[in-house]
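# Descriptive structure summary
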Amino acid sequence: MQKTKTSPPPLTAAASWTWLAAALLAQIGWGAYPVLLRYLQTVSRLPSLSLLAVGNLVVLLAVFLFIWPRLDKKLLRLPILWLFGLMVIVRGVSNLLATRYTLAIYVQLIYLLTPFLVAILSRMVLHEKLPRYTFRALTISLVGVLLVISGSFSEIGTATAVPRQDFLGISLAFGSSLALALYMLLTRRTAHYHATGESLLLVHLFALFSFSAVASLLLGENWNQWTALSPHDWLIFALLAFGILLGANLGQIRTIQHLGAPLVSSMMAIRLVSALVVGALLLQEQLTSVWQVLGALIVIVTITWFLRRQM
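Residues numbered from 1 in each chain as written. Predicted model: local features only at pLDDT ≥ 70, side-chain atom pairs only at ≥ 80, totals over all residues. Heavy atoms only, no water.

What follows concerns unusual backbone geometry. Despite not being glycine, Arg45 has its phi angle at roughly 65 degrees, a positive value. Tracing the sequence through the fold places Arg45 in the loop between helix H1 (13–42) and helix H2 (48–67). (Helix = DSSP H or I, 4+ residues; strand = E, 2+ residues; numbered from the N terminus.)

Below, the structure is given as structure tokens:
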């Protein structure tokens, strides 16, 4: 029996504005995510893998009691769910290390190219039709990215534990974007196996926590730095764990369910604005030339236009 394509249920005007506001807040949160990661690694000096382990463990414990009792345990035996978990690990670790070695704004710029990678991989792997204007929009966006990256940034106002290695960080960000694109394709594929969003969230959190905790211990990371955190550092960590890994994550899932993925994804460009604002406040990383501002605007406008064309 052929499955029919379902759309989000119709909403009242008030409910629509509520979910639109929730979607916008979720995207703003994900925009701040690389900045908070970079701060905790380079200013708070937390070991990278331990940060990934503790952040995901906190959220895993918070949602486990709600998800586990009503989860269909047979779903956890699906190989595709653990392939999904593997891609989560690749994405999570490369994302973490990218923010360790280069500016959060650079990382967020690269992440905004993900919709193009999804379109190209969908064409190559799933043989789906390539969306109109893909390569034109990608070319224009890359020009904007190069304008931002070619300029200079003001130095970080606080001494950091890790010196910048922009080439390494940007390369990791590209790898992370590719992993995110594959992650999205796998997420779409899991629908054929009737995997629920709750099962995906649980595998996501468990895979990242278990891998990063074991890898951190094997590499001998020094966890003593956790005992030296200031109240301000703990506040930043709480924002990362509960505000983004839990709040923005659930917010994005719920708003996609009510508004649809095309509409929610059309707001992705606000992530760059969020990264710029939060990066300037926390790390004093800010644009210093007209060309960089122009490049950022080119990326924002192009990504928004491209995604809106797909709706």
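Glancing now at the pattern of salt bridges. The full count for this structure, using the stated rule, is one salt bridge. The residue Arg70 makes a salt bridge to Glu198 at a minimum N-O spacing of 2.5 Å. Of this pair, Arg70 sits in the loop between H2 and helix H3 (79–101) while Glu198 sits in helix H8 (residues 197–219); the two residues are 128 residues apart in sequence, bridging distant segments of the chain. Judged by its relative accessible area of 25%, Glu198 is partly exposed. (Salt bridge = Lys/Arg side-chain N within 4 Å of Asp/Glu carboxyl O. Buried < 20%, exposed > 50% of the residue type's maximum accessible area, 1.4 Å probe, protein only.)

Time to look at the nonpolar core. For soluble globular proteins, nonpolar side chains are generally found buried alongside one another. With 54 residues, the main nonpolar core has Leu40 and Leu51 as its most contacted residues. Put simply, the parts of the chain that give this core at least two residues each are H1, H2, H3, helix H7 (166–190), H8, helix H9 (231–259) and helix H11 (270–283). When residues no more than four places from it in sequence are discounted, the contact partners of Leu40 are Arg45, Leu46, Leu51, Asp233, Ile236, Phe237 and Leu240. Counting 27 residues, the second-largest nonpolar core is a separate cluster that includes Tyr111, Ala137, Val145 and Met268. (Core = buried A, V, L, I, M, F, W, Y, C linked by side-chain atoms within 4.5 Å. Contact = heavy atoms within 4.5 Å.)

Let us look at the packing of aromatic side chains. Two descriptors summarise a pair of aromatic rings, namely the distance from one centre to the other and the angle between the planes of the rings. For the coordinates displayed, the defined rule picks out seven aromatic pairs. Between Trp226 and Phe237, the ring centres sit 5.3 Å apart and the planes meet at 85 degrees, which makes this aromatic pair edge-to-face. With Trp226 in the loop between H8 and H9 and Phe237 in helix H9, the pair connects residues that are 11 residues apart, well separated along the chain. Phe237 sits in the buried class, given a relative accessible area of 6%. These aromatic residues form a ring-pair network of at least three members: Trp226, Trp234 and Phe237. Looking at Lys73, its charged tip hangs above the ring of Trp68, at a distance of 4.8 Å from the centre. Here the basic side chain of Arg91 rests over the ring of Tyr111, its NZ or CZ set 4.7 Å away from the ring centre. (Phe/Tyr/Trp six-rings, centres within 6.5 Å; stacked < 30°, edge-to-face > 60°. Lys NZ or Arg CZ within 6 Å of the ring centre and 35° of its normal.)

Predicted confidence across the protein gives a mean pLDDT of 82, with 88% of residues reaching 70 or more. Scored below 50 in pLDDT, residues 1–7 makes three contacts in the model with residues more than four places away or belonging to other chains. (pLDDT = per-residue confidence, 0-100.)

Among the surface-exposed residues, Lys129, Arg132, Arg136 and Arg309 lie close enough to one another that they form a single positively charged patch. When you line up the elements, Arg132 lands in the loop between helix H5 (114–125) and helix H6 (134–150). Residue class for Arg132 comes out exposed when judged on its relative accessible area of 55%. (Patch = residues over 30% accessible without salt bridge, like charges linked within 9 Å, V, L, I, M, F, W, Y side chains within 5 Å. Areas by Shrake-Rupley, 256 points an atom, 1.4 Å probe, with all protein chains shown as cover. Lys, Arg positive; Asp, Glu negative; His and termini not counted. Charge placed at Lys NZ, Arg CZ, Asp CG, Glu CD.)

On the surface, a cluster of nonpolar side chains totalling about 450 Å² of accessible area is made up of Phe64, Leu65, Phe66 and Trp68. Assignment of secondary structure puts Trp68 in the loop between H2 and H3.

Structurally, Leu142 is set in helix H6. Exposure remark for Leu142: the relative accessible area of 32% places this residue in the partly exposed category. Distance from Leu142 to Ile110, taken between C-alpha atoms, is 9.0 Å for residues 32 residues apart in sequence.

Look at H5 against H7: their axes get within 9 Å of each other, and the N-to-C directions meet at 55 degrees. Between H5 and H7, the crossing angle belongs to the class labelled oblique. The handedness of the crossing between H5 and H7 is right-handed. Taken together, the residues of H7 that come into contact with H5 (itself represented by Thr114, Leu117, Val118, Leu121 and Ser122) are Ser177, Leu178, Leu180, Ala181, Leu182, Met184, Leu185 and Arg188. (Axes fitted to C-alpha atoms, helices over the stretch in contact; angles between N-to-C directions. Parallel < 35°, antiparallel > 145°, perpendicular 65-115°, else oblique. Left-handed = near helix turned anticlockwise from the far one by under 90°.)

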